[in-house]
Structure formats: structure tokens, C-alpha cells
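Descriptive analysis of the structure
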Amino acid sequence: MTAGPAGAQGRTDGKMSENETIRRVASWAAAAPGRNWPPEVMEAARACLLDTLGVTLGALGEPGGRAVRRVVEGWRAEGRARIALGGTTCAAGAALVNGTFAHCLDYDDTHVGATAHLSAPVWSAALAVGQQTGAEGRDMMAAFIAGFEAGARLGNGIGGVANLRGWHSTGIFGALGAAVAAAVLLQLDEDGIARALGAAATQAGGLTGSFGTHAKPFHAGKAAMNGVLAAELAAAGFEASEALLEAEGGLGSALVQDGAAGIGAVDFDDGWELLRNTVKPYAACLLTHPVIDAARSLAPEAAGREARRIELRVNPAAIRLAGKADPQTPLEGKFSLAFCTALGLAGRPAVEGDFTAGTLADPDLRSVLARVEPVAEPGRDTRSAALEVQWFDGATDRRETAMARGNPGNPLSRADLEAKFRSLAEPALGDGAEALSALAWDFDAPGRAGELHELLAA
């Protein structure tokens with residue numbers, strides 16, 4: 001495993017011992033601008049940028065994102081931050097709009113350890129503040145890496161438990177990551193970054209009860225905006241509690257009140273969280289992906305046959321968060337193990353074009369829904385699933401997904417990433433999609449930030 005970044009050193013003024021977690025993160029992040037990042041970490045950050053730009057552009061027609069965009073445009077705020085294929089506004093406004101669009105399709109990457117979509121809010125914040133301040137691409141890359149690493153480490157372990165308690169971890173740990181990214185670009189020192197993290201932590205929000213509605217992607221946009229706002233407040237001298245990220249400091253105990261999980265000790269010497277990120281090959285909730293893999297592998301045998309019973313053995317979280325048995329909208333279909341199973345058995349690729357009103361109403365697909373029986377299997381990895389189909393002809397077929405595609409250990413190739421990007425960006429940009437793809441893979445080169453700003457103009 002690649003060695004991680006050097007950890008924060010101890011302090012002599014007492015602040016580290018009193019507020020060790022927030023100070024450790026702030027001290028490490030403050031050194032981000034001058035750090036030499038390993039090549040594989042830079043490549044992972046570029047891949048996240050490409051993926052985030054693709055899912056943002058692919059969602060520009062989504063009604064939830066368009067509503068957020070209309071509101072922000074109504075603010076008539078002045079600024080240099082670019083709304084995707086739109087005008088410019090203040091950094092917080094652009095982060096809100098772009099962060100919401102980036103999560104509208106539920107096709108953006110996911111950090112499994114924190115059970116959170118981090119690139120959407122952190123890249124949206126980094127691009128918005130970077131454009132506002134005139135930063136170069138390499139500066140934005142450093143800010144993104146710092147924000148992603150911070151958000152992932154703070155969310156590791158507790159994010160998944162918080163989700164099961166009703167809190168959407170993206171709205172929480174995405175905001176903390178966005179605050180770090182924005183603070184780095186605003187050139188805040190350790191004290192300033194600590195204040196920004198405190199201001200972000202107290203804005204924590206987002207409920208999993210909103211899944212399947214416009215509010216879920218809004219959580220990512222609001223996380224980006226909250227992070228930018230927190231950093232701007234800190235830059236203006238705003239003070240917030242530095243104890244909120246400690247074991248009993250407020251945030252962790254509020255999210256998981258029985259103490260079953262908490263914000264643990266932050267260690268920046270245990271590898272890179274960016275290298276543990278998951279990029280989605282399917283445009284649905286990540287918890288459905290192992291099922292889609294298993295069902296798609298069975299598609300050739302399923303052709304022309306009718307299932308009597310389809311059993312899914314999955315982690316309980318998949319049923320809790322993606323268990324809509326009778327989805328009524330395409331968005332609900334993305335949170336339906338049953339519908340995703342039907343798509344997979346039909347041999348469909350489960351990309352954005354498969355989650356439409358037409359496919360949802362397809363009688364052949366809908367006939368499968370009532371046959372699907374999800375079974376909770378405590379202890380099963382969320383990235384795995386087992387599928388058993390009992391056919392009316394008397395035969396039984398089984399498939400097992402040990403590690404779903406897109407995860408570390410079974411990653412998408414660069415060609416896969418570019419194909420996904422093109423499918424999303426070309427309808428919006430046409431020939432410009434190729435230029436944008438090349439730019440993302442070379443974003444840290446001088447002048448690339450300005451080129452991105454122009455490519456994304458209306």
C-alpha cells in the first residue's frame with residue numbers, strides 16, 4: 001500500500017490535546033499547497049474530476065437541479081465562479097448548483113468507508129472557490145485531495161451507521177471535506193481551517209428519508225455550499241467550536257446517540273482514501289450494484305424464461321436504503337433492488353438511459369418485481385451479493401458477486417471511465433466533450449483552470 005501523507009505534529013500550546021481531531025486535520029490540510037502528491041493519488045483525483053464533470057453535465061436537465069439553479073440565479077450574486085454551462089455567481093452559489101447537479105443522477109462516485117458521495121461536494125467547492133480566487137488547476141487539485149482525505153477519514157465507520165439512523169452521510173462528511181478544500185484555496189492557516197471545520201460541523205444535515213426525491217442530490221449541493229460558507233466565515237474571523245469532532249464532542253454523539261459508532265482517531269499515515277474510492281458503472285444506488293452484477297451475469301440464461309422466485313442475499317443496509325419494492329418514478333427505480341435486478345436479468349447496462357418512465361413501465365420488467373425477495377444477511381460486505389433464481393421450468397440458477405465492479409480490487413479502467421464520461425457529456429457539449437476529457441486528465445498543467453472555465457461557459 002502506498003504510504004500516506006505525513007501526520008500532523010503535536011502542539012505545545014495545549015490545543016492539540018484538547019481538540020486533537022480537528023487540530024490534526026487542520027494541521028495536515030494547512031500543508032497541502034506545498035505537498036508533492038504521489039502520482040497515483042493525482043491520477044485518482046483527475047479521475048474523480050472527470051467523473052464529477054460527466055455526471056454534472058449529464059444531469060443538467062434534471063428538475064431538482066434546475067430548481068436549485070433558478071433559485072441561485074435569482075440571487076443575482078456577483079462572482080467569478082462558474083455554474084456548469086451557465087453564467088458566473090458567488091462561490092457558494094456555484095458550489096450549491098453544481099454540487100446538486102453532480103448527485104442528481106446518483107451516478108457519482110462513493111467512498112465506501114464513509115458511505116458518502118465525496119467528490120460531488122468537494123470538487124464542486126474546490127472549483128467554485130478556485131475560480132473565485134483565480135487559482136491554478138494544481139492548486140484546486142491539492143485542495144480537492146486534502147478535502148477528500150479529510151472527509152473520508154472523519155466519516156470512516158460512522159458514516160454507514162449514521163445512514164442507518166436516518167442521517168445522510170454525504171450531507172455531513174461531504175461538507176467537512178468541502179470546508180477543508182475551500183479553506184485551503186482561501187489560504188487559511190491551521191487556526192483558520194480548524195474554525196472552518198467547526199463551522200461546517202455545526203451545519204450537519206440531510207435525511208435518508210429524502211432518498212428517491214430531489215432532496216437527496218440537494219444534500220450534496222448543500223454540503224458543497226456549507227463547506228464554502230464555513231471557510232469564508234472562518235476567513236472573516238468567525239469562531240466555532242473546535243470540540244465538535246472529538247469522540248464526545250457533539251457531531252458523532254448526535255448522529256449515533258447510542259455510541260455504536262463515533263468519529264475515530266484520524267490517522268494520515270495509513271494510506272490514501274482516494275485509492276479506496278469507488279466509481280460507479282451503474283446509474284443507481286451503490287448498494288444495488290452487487291445485485292446488478294450478479295443479475296447481468298445471469299442474463300444469457302434468463303432470456304426467454306420466466307422466474308418463479310428471485311432471492312437476493314444482501315447486507316441489511318441495501319434493504320433499508322434501496323429496498324423500494326414498487327418504484328413509481330425513475331428516481332425511485334435507482335433505489336429499488338427489485339427494479340435493478342429486473343434490469344440486470346434483461347441484460348440492460350443499468351446506465352442513465354435505463355432509468356426512465358418507459359423502462360419503469362415496461363411490462364416485462366415490472367413482472368419481475370413481485371418475484372424478488374431480498375433477504376438481509378448481517379455481516380455481508382455491502383459490495384457483495386448472492387442471487388438465486390428459481391425458474392418455472394424447475395431449474396435453479398445462482399450467481400455470487402464477491403466484489404462489485406468499480407470498487408478497489410475490481411476497478412473500472414480508464415477506457416471505462418472515458419466511455420461513461422462521453423455518454424453523459426456529449427449530449428450537453430457535443431465535440432467539446434473530448435476537449436473536456438483531455439483537460440481533466442491534465443488539469444494540473446498551467447492554464448488548464450482557465451480553459452475549464454471557458455469550456456463550461458453557457
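Residues numbered from 1 in each chain as written. Predicted model: local features only at pLDDT ≥ 70, side-chain atom pairs only at ≥ 80, totals over all residues. Heavy atoms only, no water.

**Focus on helix H4 (residues 63–75)**
Look at H4: 19 Å from first C-alpha to last across 13 residues, which is about the 18 Å you get at 1.5 Å a residue. Taken together, the buried positions of H4 are Gly64, Gly65, Val68, Arg69 and Val72. Relative to the axis of H4, the buried residues are bounded by an arc of 135 degrees and lie together on one face. If you follow the buried residues of H4, they end up packed against strand E2 (88–89), helix H5 (91–104) and helix H11 (215–235). Arg76 lies just past H4 and shows a positive phi near 55 degrees. (Helix = DSSP H or I, 4+ residues; strand = E, 2+ residues; numbered from the N terminus. Expected span 1.5 Å × (residues − 1). Buried < 20%, exposed > 50% of the residue type's maximum accessible area, 1.4 Å probe, protein only. Arc of directions from axis to C-beta. Contact = heavy atoms within 4.5 Å.)

**So, the pattern of salt bridges**
The final tally for this structure, using the stated rule, is 35 salt bridges. One salt bridge in this structure joins Asp444 and Arg138, with 3.9 Å as the shortest N-O distance. With Asp444 in the loop between helix H20 (432–440) and helix H21 (448–455) and Arg138 in helix H7 (residues 137–155), the pair connects residues that are 306 residues apart, well separated along the chain. Between Glu306 and Arg371 there is a salt bridge, and its shortest N-O distance comes to 3.3 Å. With Glu306 in the loop between helix H13 (289–302) and strand E5 (307–314) and Arg371 in the loop between helix H18 (363–369) and strand E6 (372–376), this pair connects stretches of sequence that are 65 residues apart. For Glu306, a relative accessible area of 46% corresponds to the partly exposed category. (Salt bridge = Lys/Arg side-chain N within 4 Å of Asp/Glu carboxyl O.)

**Looking at the sheet that holds E6**
Taken together, four strands build an open sheet; the order of strands is E6-E5-E7-E8 and the sheet is mixed. Strands at the two margins of the open sheet, each flanked by one partner only, are E6 and strand E8 (396–401). Strand-to-strand, the axes of this sheet are offset by a mean angle of 15 degrees, without reference to chain direction. The pairing of strand E7 (residues 385–391) with E8 spans six bridges and is antiparallel. From the neighbouring strand, Val389 faces E8, where its bridge partner is Asp397. Contacts between H13 and the sheet are confined to E5, E7 and E8, with E8 contributing the most and set at about 145 degrees to the helix. Strands E5, E6 and E7 of the sheet are contacted by helix H16 (residues 337–345), whose axis makes an angle of about 115 degrees with E5. (Pairing = 2+ DSSP bridges. Axes fitted to C-alpha atoms, helices over the stretch in contact; angles between N-to-C directions.)

**Section: the packing of helix H3 (residues 39–58) against helix H19 (residues 414–429)**
Where H3 contacts H19, the two axes come as close as 8 Å, and the packing angle between them is 30 degrees. By the angle class used here, H3 and H19 are roughly parallel. Between H3 and H19 the crossing geometry is left-handed. Residues Glu43, Ala47, Leu50, Asp51, Leu53, Gly54, Val55, Leu57 and Gly58 of H3 form the contact with H19, whose own contacting residues are Arg414, Leu417, Glu418, Lys420, Phe421, Leu424, Ala425, Ala428 and Leu429. A per-class count over the contact of H3 with H19 returns eleven nonpolar, two polar and five charged. (Parallel < 35°, antiparallel > 145°, perpendicular 65-115°, else oblique. Left-handed = near helix turned anticlockwise from the far one by under 90°. Nonpolar A, V, L, I, M, F, W, Y, C, P; charged D, E, K, R; others polar.)

**Focus on the packing of H5 against helix H6 (residues 119–133)**
Helix-helix packing is characterised by the crossing angle of the two axes and by the distance between the axes. Two elements in contact, H5 and H6, have axes separated by 8 Å at closest approach and are oriented at 150 degrees. Classed by the angle they form, the pair H5 and H6 counts as roughly antiparallel. At the point where H5 passes H6, the crossing takes the right-handed sense. Of H6, the residues touching H5 (which contributes Ala91, Ala94, Ala95, Asn98, Gly99 and Ala102) are Ala120, Ser124, Ala125, Ala128, Val129 and Gln132. Residues of the contact of H5 with H6, tallied by class, amount to eight nonpolar, four polar and no charged.

**Quick notes on the confidence of the model for the protein chain**
Across the protein chain, pLDDT averages 94, with 96% of residues at or above 70. A low-confidence stretch, residues 7–16 (pLDDT under 50), is modelled with 18 contacts involving residues beyond four sequence positions or located in other chains. (pLDDT = per-residue confidence, 0-100.)

**Here we look at the environment of Trp123**
Along the chain, Trp123 turns up in helix H6. A C-alpha to C-alpha distance of 7.5 Å links Trp123 and Thr52, two positions 71 residues apart in sequence. The contact partners of Trp123, leaving out residues within four places of it in the chain, are Ala45, Cys48, Leu49, Thr52, Met140, Met141, Phe144 and Phe443.

**A closer look at the packing of aromatic side chains**
Evaluation of the coordinates by the stated rule reveals eight aromatic pairs. Ring geometry for Trp37 and Trp272: centres 5.8 Å apart, planes at 70 degrees, overall edge-to-face. One end of the pair, Trp37, is in the loop between helix H2 (20–30) and H3; the other, Trp272, is in the loop between helix H12 (251–255) and strand E4 (277–278), with 235 residues separating them in the sequence. In this pair, the class of Trp37 matches that of Trp272, namely buried. Residues Phe211 and Phe335 carry aromatic rings whose centres are separated by 5.5 Å and whose planes lie at 40 degrees to one another, so their mutual orientation is tilted. A residue pair is termed long-range when its members are at least 10 positions apart, and Phe211 in the loop between helix H10 (190–201) and H11 and Phe335 in the loop between helix H15 (330–333) and H16 qualify at 124 residues. What makes Phe335 buried here is its relative accessible area of 1%. Linked through ring pairs, Trp28, Trp37, Phe268 and Trp272 together constitute an aromatic cluster. Sitting over the ring of Tyr107, Lys420 keeps its end group 4.2 Å from the ring centre. (Phe/Tyr/Trp six-rings, centres within 6.5 Å; stacked < 30°, edge-to-face > 60°. Lys NZ or Arg CZ within 6 Å of the ring centre and 35° of its normal.)

**Quick notes on H7**
An ideal rise of 1.5 Å per residue puts 27 Å on 19 residues; H7 measures up with 27 Å between its terminal C-alpha atoms. Looking one or two places after H7, you find Gly157, whose phi comes out positive at around 85 degrees.

**Points about unusual backbone geometry**
Within the chain, Leu85 stands out as a residue other than glycine whose phi angle is a positive 55 degrees. Positionally, Leu85 belongs in the loop between strand E1 (81–82) and E2. We classify Leu85 as partly exposed; its relative accessible area is 21%. The phi dihedral of Gln187 is positive, around 60 degrees, even though this residue is not glycine. By the element assignment, Gln187 lies in the loop between helix H9 (169–185) and H10.

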